[in-house]
Every structure is written in C-alpha cells, then in structure tokens.
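Survey of secondary and tertiary structure
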2 protein chains.
Amino acid sequence: MTTMPTTDVPVVRELAERHGLPAEGGCAAAEATSEVRSVLDRVGDKWSVLILGMLSGGPQRFTELLHGIDGISQRMLTLNLRQLERDGLVSRTVHAVVPPRVDYALTDLGATLLPPVLALVDWALENTTTIRDHRDQFDARATSAG
Amino acid sequence: MTTMPTTDVPVVRELAERHGLPAEGGCAAAEATSEVRSVLDRVGDKWSVLILGMLSGGPQRFTELLHGIDGISQRMLTLNLRQLERDGLVSRTVHAVVPPRVDYALTDLGATLLPPVLALVDWALENTTTIRDHRDQFDARATSAG
DNA sequence: CCGTATCCTCCCCGATACTG
DNA sequence: CAGTATCGGGGAGGATACGG
C-alpha cells in the first residue's frame, strides 16, 4: 500500500461516523482510510480473492493451492498467503511429518469477508454484458473520433 | 489488467452458473473472470473508489474532484475518470461555456455498484481494530523469531 | 478550466535457482 | 513439500510543462 491521502468523501465519512470514529476537523475518514485501503487493496490483488475463494471450500495445502490457481507462482502464493495470514484472514497450520504438510484455511474473520467480496463478484457477473457494451461503444467513438 | 488465468474457484463457479454462464469443461468461470477482474481491479485502484464516493453526493466538476480528493494528480484523475466513463459507471457532460465546464456524475449503473463497494468499506471499518491486532501480533512473532 | 504529452522513478511480480 | 533469495523487465503513477 502507498501513503494515504486525507480525503473527505461524504459516504465514507458517514460510514466512519456510524462506526463511532471521531469526526472532528473533517479528517474523520482519514485515519480509518488507511485500514480501509489495505482491505480494498487486497480485493484488488490479482490473487487474494482467488485464494480466499479456494479456501472457502475447506482447508487446502500449499501445493493444492499452487495447482488449483492457474498461473500463480510459488513466490506470489507465499507472499499472498503471508499477507492474508498477517491480517488474520487465513490460518496456517504446520504438520510435523515428512514430507512437510502445511494446511491453509479460512479463519472466522476471513469467512466474514467472503460475502461482501462475493456480492461484488455477483455484481460484476450481473453487469458483464452491460459493461462490455459500454466499453465497445466508448472505444468505437474514440477510434472514429481520433 | 493483466492476462487472465483460467481458474476453477468453486464459489465463483457457483455464482457464474447461477448467472447462466456455460459450465462446460470446468472453464465456466474462466470467461467471466476477466470481466470480474476488471471490476475488482477498479475497486483496488488507489483512486476509483474515492471518485465514486465523491460523486455519490451529486455531480462534480473536474476541479472539484481534483481538490476534493487529496493527493490525486490531474493525470490520474483524468485517467481514472476515463476508465469509469468507459465502463459506463460515470457520465461526462461538457458545457459549452467559457471558461470550460465539465460535470461528472454517477450513472445508474455506477450507482448500483456503490452499495457492494460500501459493504466492503463497512466491513473494513467494522474490523479495523481486529485486523490491526492481528498484524501487530504477527509482526511481533516475526521479529522475535527472526 | 480542462485536459494531453513527456519524462522518470519506483516497485510489483514473474522466472529461476537454491535450502530444510 | 514448502518455502526463501536474487535478479531483471515492465508498468503504474507522480512531476512538470504545454495546448485548446
């Protein structure tokens, strides 16, 4: 995440106040914003949502995730899992066996994040064609105009 | 956005099928995924959500957005607005006056995106302290371990 | 006022190779 | 099997200057 601008978006401020955050000076949202951003960043990540989706079906080991998510590299899987673990969204349990076995699972917190995210996915699916149409028209106008 | 992996995430597939997308061969989600990603990308953008939030209070002109969103550059504002306009989330109306006046507003489609996004923001605000605690504990363990 | 064009920097992330 | 270490290309995005 990058450095955070202190912004005063009405809707966010309203939400912030509803959650009992101090609204003095108009910088109410500012403090909360950095935390909000980190969540939105995660949703925007190329892989995080896919990982959470994978784990929604139950615990998975590292390699299962690696092969289940097409195109992800070991490195990125590790980094993403660490992030999710750090935020408490995913748990990591190491079994002391040979060969090593590590299971990843959604935490309760992680499970509560899923519905809002899926609502977004749902919206996207519902408006797929509408968006595509808009884009096509926009691009057509752009190229015809020059 | 980057090239899309064909992934078979159960939850997403389920949603895709609910929306009547062909589920043959297990690549059901794959086709829809690129559109889904573009939406998720927008949510993950540094500025898009803030812009949408700004416009939720009614139309705004370019400069109002520029000054209302702290830290954004002219360039990024323009780029983001073009993207949102291209997707049909935001409308751009030019008034033929001097000095030039351009108003940006949420479209109906854009307005329907707001609730899911705000649900996410709401989740983030609700779990701010929990997440922060997790992070602190994780970092503490990490540094103590080495 | 509302952009576009250009430059330039930083950091994300993929590829690859190596360890316990 | 489940990671870490290191390198390098490329894109995102800020600063600045200029145009309609």
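This text follows the structure it describes.
The structure presented is a predicted model; accordingly, all values stated were derived computationally and were not measured.

Parameters and conventions
Residues numbered from 1 in each chain as written. Chains lettered and ligands numbered in written order. Predicted model: local features only at pLDDT ≥ 70, side-chain atom pairs only at ≥ 80, totals over all residues. Heavy atoms only, no water. Pairing = 2+ DSSP bridges. Helix = DSSP H or I, 4+ residues; strand = E, 2+ residues; numbered from the N terminus. Axes fitted to C-alpha atoms, helices over the stretch in contact; angles between N-to-C directions. Parallel < 35°, antiparallel > 145°, perpendicular 65-115°, else oblique. Contact = heavy atoms within 4.5 Å. Near = heavy atom within 4 Å. Nonpolar A, V, L, I, M, F, W, Y, C, P; charged D, E, K, R; others polar. Buried < 20%, exposed > 50% of the residue type's maximum accessible area, 1.4 Å probe, protein only. Polar contact = N/O pair within 3.5 Å; in protein donor to acceptor, adjacent residues only side chain to side chain. Least-squares fit on C-alpha atoms with pLDDT ≥ 70 in both. Core = buried A, V, L, I, M, F, W, Y, C linked by side-chain atoms within 4.5 Å.

Here we take up the pairing of strand E3 (residues 101-106) of chain B. Residue and element names in this part refer to chain B. Looking at chain direction, strand E1 (residues 60-61) and E3 are connected through two bridges and run antiparallel. By the bridge assignment for E3, Arg 61 is matched with Asp 103. With six bridges connecting them, strand E2 (residues 90-95) and E3 associate as antiparallel partners. Among the inter-strand pairings, His 95 is bridged to a residue of E3, identified as Arg 101. Where E2 folds back on E3, the antiparallel hairpin that results is connected by five residues.

Right, let's get into unusual backbone geometry. Residue Pro 99 of chain A follows Val 98 of chain A across a cis peptide bond; omega there is -5 degrees. Secondary-structure assignment places Pro 99 of chain A in the loop between strand E2 (90-95) and strand E3 (101-106).

Moving on, we come to the packing of helix H7 (residues 128-145) of chain A against helix H5 (residues 74-86) of chain B. Two elements in contact, H7 of chain A and H5 of chain B, have axes separated by 8 Å at closest approach and are oriented at 120 degrees. Viewed along their axes, H7 of chain A and H5 of chain B adopt a mutual orientation that is oblique. Residue-level inspection shows His 134, Arg 135, Phe 138 and Asp 139 of chain A of H7 of chain A in contact with H5 of chain B, the latter providing Arg 82, Glu 85 and Arg 86 of chain B.

Taken together, 19 residues surround DNA strand D, and among them Thr 63, Gln 74, Arg 92 and Tyr 104 of chain A together with Met 76 of chain B come closest. Elements with a contribution of two residues or more to the surface near DNA strand D: helix H4 (62-68), helix H5 (74-86) and E3 of chain A together with H5 of chain B. Ranked by residue count, the leading element in the surface near DNA strand D is H5 of chain A, at four residues. A class-by-class count of the residues in the surface near DNA strand D yields eight nonpolar, four polar and seven charged.

Glancing now at the environment of Arg 101 of chain A. All names here are of chain A. By the secondary structure assignment, Arg 101 is in strand E3. Given the relative accessible area of 31%, Arg 101 is considered partly exposed. C-alpha of Arg 101 to C-alpha of Thr 63: the two residues are 38 residues apart in sequence and 9.4 Å apart in space. Non-local contacts of Arg 101, meaning those with residues more than four positions away in its chain, are made with Arg 61, Thr 93, Val 94 and His 95. Polar contacts involving the side chain of Arg 101 include one to the side chain of Asp 103, which spans 3.5 Å.

Each copy superposes on the other: chain B lies on chain A with an RMSD of 0.0 Å after a rotation of 180 degrees and an axial shift of 0.0 Å. Viewed as a symmetry operation, the transformation between the two copies matches a two-fold axis. Every residue of chain B has its C-alpha some distance from the rotation axis, and the shortest such distance is that of Gly 44 of chain B, at 1.8 Å. Interface residue correspondence from chain B to chain A reaches 100%, placing this contact among same-surface, isologous pairings.

Turning to the side chain of Asp 122 of chain A, a few remarks are in order. Position of Asp 122 of chain A relative to the elements: it lies in helix H6 (residues 108-126). Apart from the residues lying within four places of it in its own chain, the contact partners of Asp 122 of chain A are Leu 15, Arg 18 and His 19 of chain B.

Of all eight residues in helix H3 (residues 48-55) of chain B, eight are buried, a share of seventy percent or more. Taken together, the buried positions of H3 of chain B are Ser 48, Val 49, Leu 50, Ile 51, Leu 52, Gly 53, Met 54 and Leu 55 of chain B.

With 70 residues, the main nonpolar core has Val 43, Ile 51 and Leu 120 of chain A together with Val 43, Ile 51 and Leu 120 of chain B as its most contacted residues. What Val 43 of chain A contacts, discounting residues up to four positions off in sequence, is Val 49, Val 117 and Leu 120 of chain A together with Arg 37, Leu 40, Val 43 and Leu 120 of chain B.

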